[in-house]
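Below are the chains, spelled out letter by letter.
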Amino acid sequence: MSKRSAVSARTPRYRHTEVALAIGRQIVSGEWSPGQALQPEDALSRELGVSRSSLREAIKILAGKGLVQSSPRRGTVVRPHDQWNLFDADVLAWHSEGQLSADFVRELFELRRMIEPDAAALAAERAIPAKLTALEAAMAALAAADTHSTHSIDADLAFHSAVLAASGNHLLAALAPVIEASLTLAFRVSRTVSDELGHVIPMHGAVVEAILSGDAAAAHAAMRGLLERSERDALAVARPDRMVPQPATDRVSSRKSVARLTDALGSDASSNPTLHDLAPGK
């Protein structure tokens, strides 16, 4: 069965999510540059073997993530990087499919330093019993896991979410999904590559100890120290150079680009739970 036949054989309601997944990955990876325009709707839908309505739905998904913009004059155009919704879970996940750039890592940890040390300090000041119990449970799970394993990554994600929740500030706690998505990017690389992870448990433990003792200043300092070390770990395996933009063209018309997109459509879109959940009936 050909790849196009495989796509056509799928349940129709999933086609637009598959198209969005494929195009989104290519945009974030830099295969399509800011200012480039996708092929006209009728041509692209024929090349992909999907209906124009499915393609339109896919474009709506990508527009909602800030990746593209449609206009009558130019069609669907890739937007500049600084206009993307970088807090979107899919966009963050697509960043992780290649080697992270050092620039992205630095910006990520700048954001985290603005949020997490203050959250740790608030957690120490407010000492909400149920929240501290959840934090201790996350710490216990982290300490019990092999630091290189996915169990350790899951526990670490739960730990940082628990710190935000323990702050008692609902707006800070609402940032947990963003922190989790961004952490996953760094962990997928640094945890599987680095052999020097003996600091992970002690540094997390120092944060918990300070919070439980009610020492806001120590909690702030411990969390900041943890973030600084985590940033060094991530930068050690990051791609050092900034991606060089490719010249923009008015239309993406090469069959090579379409072939890459069609190949991507042959993969299982359900591997991306966020886009999978966008399908009707889910």
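Let us look at the structure shown here. (Residues numbered from 1 in each chain as written. Predicted model: local features only at pLDDT ≥ 70, side-chain atom pairs only at ≥ 80, totals over all residues. Heavy atoms only, no water.)

### Side note on helix 12 (residues 216-236)
Note the cut-off: In this text, helices come from DSSP runs of H or I with a minimum length of four residues, and strands from runs of E with a minimum of two, each type numbered from the N-terminal end. Each residue after the first adds 1.5 Å to the expected span of a helix. Any residue under 20% of the maximum accessible area for its type is buried, any over 50% is exposed, and the rest in between are partly exposed; the area is computed with a 1.4 Å probe on protein chains only. Whenever a nitrogen or oxygen atom comes within 3.5 Å of another N or O atom, the pair is scored as a polar contact, on the condition that within protein one atom can donate a hydrogen and the other can accept it, and that pairs from neighbouring residues in sequence are kept only if both atoms are in side chains.
The terminal C-alpha atoms of helix 12 lie 31 Å apart, and with 21 residues this matches the ideal 30 Å at 1.5 Å per residue to within 8%. Where helix 12 is concerned, the buried positions are Ala216, Ala219, Ala222, Met223, Leu226, Leu227, Ser230, Glu231, Asp233 and Ala234. Taking the backbone nitrogen of Ala217 as reference, a side-chain oxygen 3.3 Å away marks Asp215 as the first, capping residue of helix 12.

### Concerning the packing of helix 3 (residues 41-48) against helix 4 (residues 52-64)
Packed helix pairs are characterised by how far apart their axes lie and by the angle those axes make with each other. What counts here: In this analysis an axis means a line fitted to C-alpha atoms, helices contributing only their contacting stretch, and an angle means the value between N-to-C directions, from 0 to 180 degrees. Oblique is the label for every angle not falling under 35 degrees (roughly parallel), over 145 degrees (roughly antiparallel), or within 65 to 115 degrees (roughly perpendicular). We call two residues in contact whenever any of their non-hydrogen atoms come within 4.5 Å of each other. Amino acids are sorted into nonpolar (Ala, Val, Leu, Ile, Met, Phe, Trp, Tyr, Cys and Pro), charged (Asp, Glu, Lys and Arg) and polar (every other residue, Gly among them).
Relative to each other, helix 3 and helix 4 sit at 105°, their axes nearing to 9 Å. Relative to helix 4, the element helix 3 lies roughly perpendicular. In this structure, helix 3 uses Glu41, Asp42, Leu44 and Ser45 to contact helix 4, whose residues at the interface are Arg52, Leu55 and Arg56. Residues belonging to the contact of helix 3 with helix 4 are distributed by class as follows: two nonpolar, one polar and four charged.

### Focus: unusual backbone geometry
The residue Ala127 is not glycine, and still its phi comes out positive at about 45°. With respect to the helices, strands and loops of the structure, Ala127 is situated in the loop between helix 6 (102-126) and helix 7 (129-144). Look at Ala127 and you get partly exposed, because its relative accessible area is 38%.

### Brief notes about the nonpolar core
This is how the line gets drawn: Residues belong to one nonpolar core when they are buried, are Ala, Val, Leu, Ile, Met, Phe, Trp, Tyr or Cys, and are joined through side-chain atoms within 4.5 Å.
Grouped together as the largest cluster of nonpolar side chains are 35 residues, with contacts concentrated most on Leu135, Phe159, Val163, Val207, Ile211 and Met223. Breaking this core down by element, the ones donating at least two residues are helix 6, helix 7, helix 8 (150-166), helix 10 (176-193), helix 11 (200-212) and helix 12. The leading source of residues in this core is helix 8, at eight residues. Among residues more than four places away in sequence, those in contact with Leu135 are Phe159, Ala162, Val163, Val208 and Ile211. Core analysis: the second largest hydrophobic core is formed by 22 residues, Ile23, Ile59, Val78 and Trp84 among them.

### Quick word on the pairing of strand 1 (residues 68-71)
To keep things clear, this is the line we draw: Any two strands between which DSSP finds at least two bridges are classified as paired.
Where strand 1 meets strand 2 (residues 75-78), four bridges bridge the pair, whose relative direction is antiparallel. Within strand 2, the residue paired with Ser71 across the bridge is Gly75. Linkage of strand 1 to strand 2, two consecutive antiparallel strands, is achieved through a turn of three residues.

### Description of the packing of helix 6 against helix 8
Convention followed: Put simply, a crossing is left-handed when the front helix is turned counterclockwise from the back one by less than a right angle, and right-handed when it is turned clockwise.
Viewed as axis vectors pointing N to C, helix 6 and helix 8 meet at an angle of 60°, and their least axial separation amounts to 7 Å. It follows that helix 6 is oblique to helix 8 by the angle criterion. Seen from above, helix 6 lies across helix 8 with left-handed handedness. Contacts between helix 6 and helix 8 involve Arg112, Ile115, Glu116, Ala119, Ala120, Leu122 and Ala123 from the former and His160, Val163, Leu164 and Ala166 from the latter.

### Notes on the environment of Ser70
In this structure, Ser70 sits in strand 1. Spatially, the C-alpha atoms of Ser70 and Leu38 are 9.8 Å apart, while their sequence positions differ by 32 residues. When neighbours within four sequence positions are excluded, Ser70 is seen to be in contact with Ile59, Gly75 and Thr76. Polar contacts involving the side chain of Ser70 include one to the side chain of Thr76, which spans 2.9 Å.

### Section: the side chain of Gln36
With respect to the secondary-structure elements, Gln36 resides in the loop between helix 2 (15-29) and helix 3. At 2.6 Å, the side chain of Gln36 and the backbone nitrogen of Ser33 are in polar contact.

### Brief notes about the pattern of salt bridges
Rules: Each salt bridge in this description consists of a side-chain nitrogen of Lys or Arg and a carboxyl oxygen of Asp or Glu lying within 4 Å of one another.
Taken as a whole, this structure holds ten salt bridges when the rule is applied. The residue Lys65 makes a salt bridge to Asp88 at a minimum N-O spacing of 3.0 Å. Here Lys65, found in the loop between helix 4 and strand 1, pairs with Asp88, found in the loop between strand 2 and helix 5 (89-95); they are 23 residues apart in sequence, far enough to count as distant. Relative accessible area serves as the criterion here: at 5%, Lys65 is assigned to the buried category. In this structure Asp88 comes out as buried when scored by relative accessible area, which is 15%. A salt bridge links Asp90 to Lys65, with the nearest nitrogen and oxygen atoms 2.6 Å apart. With Asp90 in helix 5 and Lys65 in the loop between helix 4 and strand 1, this pair connects stretches of sequence that are 25 residues apart. For Asp90, a relative accessible area of 0% translates into the label buried. Salt bridges sharing partners connect three or more residues here, namely Glu41, Arg52 and Arg56.

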